[in-house]
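Summary of the model geometry
These are the residues of each chain, in order.
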Amino acid sequence: MSTASDQFAALAQGEFAGCCAELYEQPAVSWLLDGQLHPGGKQLTLRAAQLAGVGAGSRVLDVASGAGTTALLLAEKLGAEVIGVEHGSEAVQRASTAAQAAGLDGAVSFQTGDARSLPLPDASVDAILCECSLCLFEDKATAIGEIARVLRPGASVVIADVTVGPGALPAPLQTAAARVACIADALALDGYEQLLRDAGLQLGHSESHRRAIAAMADRIEARLRAARIMRVPALEPFRGELDAAIELAQITQRAIADEIVGYALIAARRPS
Amino acid sequence: MCFADSGSGHQADGFSLTLERVETMLDAFVAAEGDPEAVQFSGGEPSIHPQILEMLAAAKRRGIRLVMLNTNGIRLARDPRFAPALAEIGIHVYLQFDGFDDATHVAIRGRKLQDEKRRALDRCAAAGLSVSLAAAIERGVNEHEIGAIVRFGVEHPAVNGVFFQPVTHSGRHLDFDPLERMTNSDVIAAVAEQLPEWFREDDFIAVPCCSPTCRSATYALYDGEDLVPLPRLVDVEEYLDYVTNRAVPDLDIRQALEGLFSASAAGGTEPTGERLDCVACGVGLPLQLQEVAAKGFMIVTQDFQDPWTLDVRKLMKCCVSEIVPDGRLIPFCAYNSVGYREQVRAELSAQRGAAR
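These numbers were taken from a predicted model, which means no experiment stands behind them.

This part takes up the overall build of chain B. Each helix and strand in chain B was counted, giving 14 helices and 11 strands. Residue burial in chain B is summarised as follows: out of 356 residues, 46% are buried. The long-range fraction of contacts in chain B, counting pairs at least 24 apart against all pairs at least 6 apart in sequence, stands at 69%.

Next up, the structure:
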């Protein structure tokens, strides 16, 4: 596995595809995020599932399923049957192990795959969640086209993602690092909505969760400063870059406060 | 345990406890608590009792982990042997420290004291004693000094915490307008307003013990330049959820948070590393802090009840008891609000009169 700094370097050179799954598994990143890979935590995942109409026995696709947290939550709390598709093979392995440990391996399964060509048949799932990952995809239109293809008629997808604008992002938030942090490549709310409509989906309910992303940014900023004070082992390899990271986090906090950066749940339905 | 009636041990009807009596009270406390966490000697002014060191040592000898001396600091300032003697026993100093303005001291304590407070603190630092500042906050008197008290404490090497106490209107403070009382929320708002670079209101957590409206606290890391409130590092609400609706509470986290913010906690009584390991239980803070020169700092605001606010349901959950000379443990706010204080004073004064 390459190191986080290798991956940042690769990003700076534009080698983006597939980086992020591994990057998000780095000890430094998981320490900073405290295991919470998207704003709002489990509560917001359950809200997204509700908007997507997930219930007992629903067959749900989780796009970019990471370490499997969402899939396990939906199986455990809602009795759903979940398929997780994830780019990183290590994450898939880990998620599968976690499912076995939780005794949920009958209800959830994980496979490696690319959002640009989902390894699922047409019209095969009752609901799709795509949490804080569309912003990372370079080719968002193709990914949403794939989502539309595998949804059965009448079923819904919920995109949970970072939104930007109105107003331009501050320059430091347009960098490679900000792209990995889901910000630089995020769209405005109506940008996501347009992509969903272009894929032939009907827009449903959208809701803003600015407080959730503000809380997440606050926690990351505080953890970076705590790491600078306490010399947290996971962050020590990046000691020289902490000041810059803290500044970036604070710029992000301000952009959230200024309503340039936000977070939204966006539901869309495949027509019957 | 209180050493004298509120006001002064020198008053005509004041009383003092004997070492023997204190040992009996401590035995009663240990018997009641089993594994007692903390005891505070307060007054009056306990430091002027001729046997105070023996009494404090008696508490330590009984295995009470945190033994605190609540003092005005005058003896610490004037007697160079006192701070080293307390350090040797292992005492935590709870120093009354209400602010910096002359007017504040005169209004709350009746005299100017700031020079002696600073000398006391410097002697504590030299002796290696850890100190909590205890600030009585009264609206219109010293609420504007809340931020300055925190900053002073954070920056002073001996100080590991500040305890704010909105002034209660029992005992000698009866004459006031109940609609103008200071509350925990007022103190927290003042901290955030006066130190916006360090704290926000939501850095404070309402602690379940005694009752969430009794006490709010935060804990911060400080390295001489930057300060980070610890609650920002974790989703505290998620971990405090057990109070209201967890069917199966996560005991590790519960213990970590209760230990950090409980009524018996005082800033700096354990090494910072130990404390952080504690709050880190299960929440991903792998720390090796022994080599780190960071200091942990605690801010607590504790709204004691008075006759205007007394709530029996809160008394039933009380975690702060007054040990009275006959060995009873009385909820602190009941002691001060419903006549126990006066009763104890009358009994002890009568005994002393008879012994003369």
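Right, picking up where we left off after that structure.
What follows covers the pairing of strand E2 (residues 81-86) of chain A. Residues and elements named next belong to chain A. Here E2 lies mainly inside the structure; five of its six residues are buried. Judged from the five bridges that link them, strand E1 (residues 59-63) and E2 form a sheet pairing that is parallel. Bridge assignment links leucine 61 to a residue of E2, and that residue is isoleucine 83. Handedness of the crossover is the feature at issue here: the chain leaves E1, passes through helix H5 (residues 69-78), returns alongside E2, and the resulting connection is right-handed. Both E2 and strand E3 (residues 108-112) contribute to a ladder of five bridges, which runs parallel. Note on E3: the bridge partner recorded for isoleucine 83 is serine 109. Assessed by its sense of winding, the connection that carries the chain from E2 through helix H6 (residues 89-101) to E3 is right-handed.

Residues and elements named next belong to chain A. Mapped onto the elements, alanine 64 comes out in the loop between E1 and H5. Each C-alpha atom, one on alanine 64 and one on alanine 102, is 20 Å from the other, the two residues being 38 residues apart in sequence. Excluding anything up to four places from it in sequence, alanine 64 contacts Glu86, Ala115, Cys130 and Ser133.

So, on to the pairing of strand E1 (residues 38-41) of chain B. Every regular strand shows the same layout, with side chains that alternate between the two sheet faces. Residues and elements named next belong to chain B. Taking every second residue as pointing to the same face, both faces of E1 are buried, with Ala38 and Gln40 on one and Val39 and Phe41 on the other. Pairing of E1 with strand E2 (residues 66-71), which is carried by four bridges, proceeds in the parallel orientation. Following the sheet pairing, phenylalanine 41 is matched in E2 by leucine 69. Handedness of the β-α-β unit built from E1, helix H2 (residues 52-61) and E2 comes out right-handed.

Residue and element names in this part refer to chain B. Here chain B averages 79 in pLDDT, and 75% of its residues register 70 or above. This model gives residues 4-14 a pLDDT under 50, and the stretch forms 27 contacts once residues within four places in sequence are excluded. Here residues 265-292 is modelled with pLDDT under 50, and outside its nearest four sequence neighbours on either side it reaches 64 contacts, counting other chains as well. Reported confidences for the modelled complex are a pTM of 0.78 and an ipTM of 0.72.

Quick reminder: α-helices carry 3.6 residues per turn. Residues three or four places apart thus point the same way. Residues and elements named next belong to chain B. Here helix H8 (residues 184-194) has its buried residues at Asn184, Val187, Ile188, Ala190 and Val191. The buried residues of H8 occupy an angular sector of 160° when projected down its axis, which confines them to one face. Contact partners of the buried residues in H8: strand E4 (131-137), helix H7 (146-155), strand E5 (159-166), strand E7 (215-222) and strand E9 (295-302).

All names here are of chain A. Phi is positive for alanine 123, close to 50°, though the residue is something other than glycine. Residues other than glycine seldom take positive phi values, yet cysteine 132 does so here, at roughly 50°. Within the secondary structure, cysteine 132 sits in the loop between strand E4 (125-131) and helix H7 (140-150).

So, on to the sheet that holds strand E6 (residues 202-208) of chain A. Residue and element names in this part refer to chain A. Taken together, seven strands build an open sheet; the order of strands is E3-E2-E1-E4-E5-E7-E6 and the sheet is mixed. Only two strands of the sheet have a single neighbouring strand rather than two, namely E3 and E6. Between one strand axis and the next, the sheet turns by 20° as a mean value, whatever way the strands run. Note: E4 against strand E5 (residues 151-164), six bridges, orientation parallel.

Let us now look at the nonpolar core. Within the largest apolar cluster, 164 residues are counted, with the highest numbers of intra-cluster contacts made by Ala52(A), Ile128(A), Ile147(A) and Val158(A). When residues of this core are assigned to their parent elements, the largest contribution, 12 residues, is made by helix H10 (residues 210-230) of chain A. Sequence-distant contacts of Ile128(A), that is, excluding residues within four places in its chain, are made with Ala52(A), Leu61(A), Val63(A), Ile147(A), Leu151(A) and Val157(A). With six residues, the next largest nonpolar core counts Cys210(B), Cys214(B), Cys318(B) and Tyr335(B) among its residues.

Residues and elements named next belong to chain B. Along H7, the residues classified as buried are Ile146, Ile149, Val150, Gly153 and Val154. Taken end-on, H7 shows its buried residues confined to a sector of 130°, consistent with a single buried face. Buried residues along H7 sit against E4, E5, H8, E7, strand E8 (227-229) and E9.

Moving on, we get to the packing of helix H1 (residues 19-33) of chain B against H2(B). Residues and elements named next belong to chain B. The contact between H1 and H2 brings their axes to 10 Å, and the two run at 20°. In terms of their interaxial angle, H1 and H2 are classed as roughly parallel. Along this stretch, H1 crosses H2, giving a crossing that reads as right-handed. Counted together, Leu19, Val22, Glu23 and Leu26 of H1 and Glu54, Met55, Ala58 and Ala59 of H2 form the full contact between these two elements. Taken together, the residues of the contact of H1 with H2 sort by class into six nonpolar, no polar and two charged.

Residue and element names in this part refer to chain A. The predicted model of chain A has a mean per-residue pLDDT of 87, with 89% of residues at 70 or higher. Low confidence marks residues 1-5, where pLDDT is under 50. Its contacts with residues over four positions away, or in another chain, come to seven contacts. Taken as a whole, residues 7-18 scores under 50 in pLDDT and shows 17 contacts with residues more than four places along the chain or in a different chain.

What follows concerns the environment of Gln302(B). Residues and elements named next belong to chain B. With respect to the helices and strands, the residue glutamine 302 is situated in strand E9. Overall, the presence of 21 C-beta atoms within 10 Å leaves glutamine 302 in the buried class. With 71 residues separating them along the chain, glutamine 302 and proline 231 place their C-alpha atoms 18 Å apart. Sequence-distant contacts of glutamine 302, that is, excluding residues within four places in its chain, are made with Phe163, Gln165, Cys214 and Arg215.

A word on the environment of Ala59(B). Residues and elements named next belong to chain B. Mapped onto the elements, alanine 59 comes out in helix H2. On the basis of neighbour count, alanine 59 is assigned to the buried category, with 27 C-beta atoms found within 10 Å. Separated by 34 residues in the primary sequence, alanine 59 and methionine 25 place their C-alpha atoms 9.9 Å from one another. Ignoring sequence-local partners within four residues, the contact set of alanine 59 consists of Leu26, Val39, Ile64 and Val67.

Rules of the game
- Residues numbered from 1 in each chain as written.
- Chains lettered and ligands numbered in written order.
- Predicted model: local features only at pLDDT ≥ 70, side-chain atom pairs only at ≥ 80, totals over all residues.
- Helix = DSSP H or I, 4+ residues; strand = E, 2+ residues; numbered from the N terminus.
- Buried ≥ 20, exposed ≤ 12 C-beta atoms within 10 Å, placed from the backbone.
- Contact = placed C-beta atoms within 7 Å.
- Pairing = 2+ DSSP bridges.
- Right-handed = clockwise from strand over helix to strand, strands pointing away.
- pLDDT = per-residue confidence, 0-100.
- Arc of directions from axis to C-beta.
- Axes fitted to C-alpha atoms, helices over the stretch in contact; angles between N-to-C directions.
- Core = buried A, V, L, I, M, F, W, Y, C linked by C-beta atoms within 7 Å.
- Parallel < 35°, antiparallel > 145°, perpendicular 65-115°, else oblique.
- Left-handed = near helix turned anticlockwise from the far one by under 90°.
- Nonpolar A, V, L, I, M, F, W, Y, C, P; charged D, E, K, R; others polar.

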